[in-house]
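Here are the chains, one letter per residue:
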Amino acid sequence: MGDVRFIAIYFPQLHTIPENDRWWGPGFTDWVNVKRARPLFPGHYQPRVPKDGYYDQSDRRVIRRQVEMAREYGISGFCHYHYWFEGKQLLETPTNLFLGMKDLDISFCLSWANETWSRRWDGQEHQILQLQTHTPSVAAWGRHFDYLIKAWTDPRALRIDGKPIFMIYRPDKLEQPGEMFDYWQSRAREHGLDGLYFVAVSQYKTPAWETLRHFDALFRFQPAVATVVLAEANPPFYKRHFAPLRAMVPRGLAIRLQSAIDRLHQPHQLDYDEVWQKIIEQPVDRALTTLEGAFVDWDNTARYGKRATIYRGAQPERFQHWLERLADKVRANNRPDTRLVFINAWNEWAESAYLEPDVDYGNRYLMAVRNVASRARDGVPRGGVLRAVDK
């Protein structure tokens, strides 16, 4: 409990669902986007190809293999994305399979990705596929609780202060969060829990204190938070000049304007080490427990093509270097049961944020995690040699 635990963010998009068949075509999963990605410049590492093949998360054998691999390489748990829309769920199969496989010995938590789904993959409310609403009623809160309690009472649930962790991706979207949390806390105690531990996710800007005051902790989702720090100092040309204009024109014209910008836009490239340095430099929030985030790599060409954001310079050795420094930061600033680092991600292949082995690096990113995780426990020296195994 005393040393840093690494929790990998887990994406459940890699299996078919009827809604995606209807919206994107029969058999659609994120693998479709991953496979069709192409290099945008010389030396650009695309497409990304999984070493063990394009798997199906509706297969119990896949879930078991992922858990076994995570444990082998020092991952303490998974943070599953949870898609809930006023009683309707999407992409819930991998989580439900895991919950039913009681012999899988790894911690987990849920992160409610409470955004509207739209055709442009950006969470904005245009070309809506699945609308997200937050009706502030006991009936709506109760339906959600009745699903969540199955996860919260699972003995594998990741806990702080003895309470299951529940993350909320867009805390600013909640209506009456205090009343909702009070209701959930009361019902959780009826089920024998000591309470619930609510974590607000900080992405491109820190939520307002009026929202944060209802939460127990703040999680810095990376590389989004650190990238904003850099962007504020030197915003891209198109954001300086086109974004203000777009905000001034009617919605229909704004959409056409954005489409024109997208056709002109070239990939936005950032330096991997520079972004990581900002992660390390960010001050700890003393008013609210801070849970730190890490990122493996980031290149969302598979989703955005020429509008992609690419972090150049990602290598397993660099990842290990920065993960060691972040672990040191967490040891120095967090009490033992909050010494958690959430790694983005275990399997977000469409954004090149994955620990799973690929055909180029093999399992070297996983080896990096294991080296850092085992350093204090087994005396592995800081900066130890990273060896490629089973590449």
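Keep in mind that this is a model prediction, so the values were computed, not measured. (Residues numbered from 1 in each chain as written. Predicted model: local features only at pLDDT ≥ 70, side-chain atom pairs only at ≥ 80, totals over all residues. Heavy atoms only, no water.)

(A) Examining the overall build of the protein more closely. Within the protein, the secondary structure is distributed over 14 helices and 16 strands. Put simply, the protein has 391 residues, and 56% of those count as buried. Within the protein, contacts between residues separated by at least 24 positions form 74% of all contacts whose residues are at least 6 apart in sequence. Here the protein displays about 17000 Å² of accessible surface, and carbon together with sulfur accounts for 50% of that area. (Helix = DSSP H or I, 4+ residues; strand = E, 2+ residues; numbered from the N terminus. Buried < 20%, exposed > 50% of the residue type's maximum accessible area, 1.4 Å probe, protein only. Contact = heavy atoms within 4.5 Å. Areas by Shrake-Rupley, 256 points an atom, 1.4 Å probe, with all protein chains shown as cover.)

(B) Geometry of the packing of aromatic side chains. All told, the structure shown has 33 aromatic pairs when counted by the stated rule. An aromatic cluster is built from F11, W23, Y81, Y83, F85, W117, Y169, F219, F221 and F342, whose rings are joined through pairwise contacts. The ring of W24 has R119 lying over it, and the distance from NZ or CZ to the ring centre is 4.9 Å. (Phe/Tyr/Trp six-rings, centres within 6.5 Å; stacked < 30°, edge-to-face > 60°. Lys NZ or Arg CZ within 6 Å of the ring centre and 35° of its normal.)

(C) Examining the confidence of the model for the protein more closely. Residues with a pLDDT of 70 or more make up 87% of the protein, whose mean pLDDT is 90. Scored below 50 in pLDDT, residues 387-391 shows 13 contacts in the model against residues more than four places distant or in partner chains. (pLDDT = per-residue confidence, 0-100.)

(D) Layout of the pattern of salt bridges. As enumerated under the stated definition, the model contains 25 salt bridges in all. Through salt bridges with shared partners, a single network forms among D30, R303, E348 and E351. (Salt bridge = Lys/Arg side-chain N within 4 Å of Asp/Glu carboxyl O.)

(E) Here's a closer look at the packing of helix 3 (residues 60-72) against helix 4 (residues 93-100). In contact at an axis separation of 10 Å, helix 3 and helix 4 are set at 75 degrees when each is read in the N-to-C sense. On the basis of the axis angle, helix 3 is roughly perpendicular to helix 4. Contacts between helix 3 and helix 4 involve R60, I63 and V67 from the former and P94, L97 and F98 from the latter. Of the residues assigned to the contact of helix 3 with helix 4, the class counts are five nonpolar, no polar and one charged. (Axes fitted to C-alpha atoms, helices over the stretch in contact; angles between N-to-C directions. Parallel < 35°, antiparallel > 145°, perpendicular 65-115°, else oblique. Nonpolar A, V, L, I, M, F, W, Y, C, P; charged D, E, K, R; others polar.)

(F) Region of the structure containing the packing of helix 11 (residues 272-281) against helix 13 (residues 316-333). Contact geometry for helix 11 and helix 13: axes closest at 10 Å, N-to-C directions at 5 degrees. Classified by the angle between their axes, helix 11 and helix 13 sit roughly parallel to one another. Here Y272, D273, W276, Q277, I279 and I280 of helix 11 come into contact with helix 13, specifically with R318, F319, W322, L323, R325, L326 and K329. Residue composition of the contact of helix 11 with helix 13, grouped by class: eight nonpolar, one polar and four charged.

(G) Highlighting the pairing of strand 2 (residues 75-85). Burial runs high along strand 2: 10 of the 11 residues are buried. As judged from the five bridges shared by strand 1 (residues 5-10) and strand 2, these two strands associate in the parallel manner. Across the sheet, the residue bridging to I9 is C79, located in strand 2. In this sheet, strand 4 (residues 107-112) lies alongside strand 2 in parallel orientation, the contact comprising six bridges. (Pairing = 2+ DSSP bridges.)

(H) Structural view of the nonpolar core. Counting 108 residues, the largest nonpolar core has F6, W184, F319 and L355 as its most contacted members. In contact with L355, not counting residues within four places along its chain, are A8, I75, V296, F319, I343, A345, W346, Y365, L366 and V369. Core analysis: the next-biggest nonpolar cluster, separate from the first, contains 10 residues, L14, V34, A302 and W349 among them. (Core = buried A, V, L, I, M, F, W, Y, C linked by side-chain atoms within 4.5 Å.)

(I) Representation of the environment of E210. The topology assignment puts E210 in helix 7 (residues 209-212). Along the chain, E210 and D172 lie 38 residues apart, while their C-alpha atoms are 9.4 Å from each other. There is a polar contact of 3.0 Å between the side chain of E210 and the side chain of R213. (Polar contact = N/O pair within 3.5 Å; in protein donor to acceptor, adjacent residues only side chain to side chain.)

(J) Spotlight on the side chain of N347. Along the polypeptide, N347 turns up in strand 15 (residues 347-348). A polar atom in the side chain of N347 sits 2.8 Å from the backbone oxygen of F11.

(K) Here's a closer look at the side chain of S111. Relative to the assigned elements, S111 resides in strand 4. If near-sequence neighbours (up to four positions away) are discounted, S111 is found in contact with C79, H80, Y81, H82, M167 and Y169.

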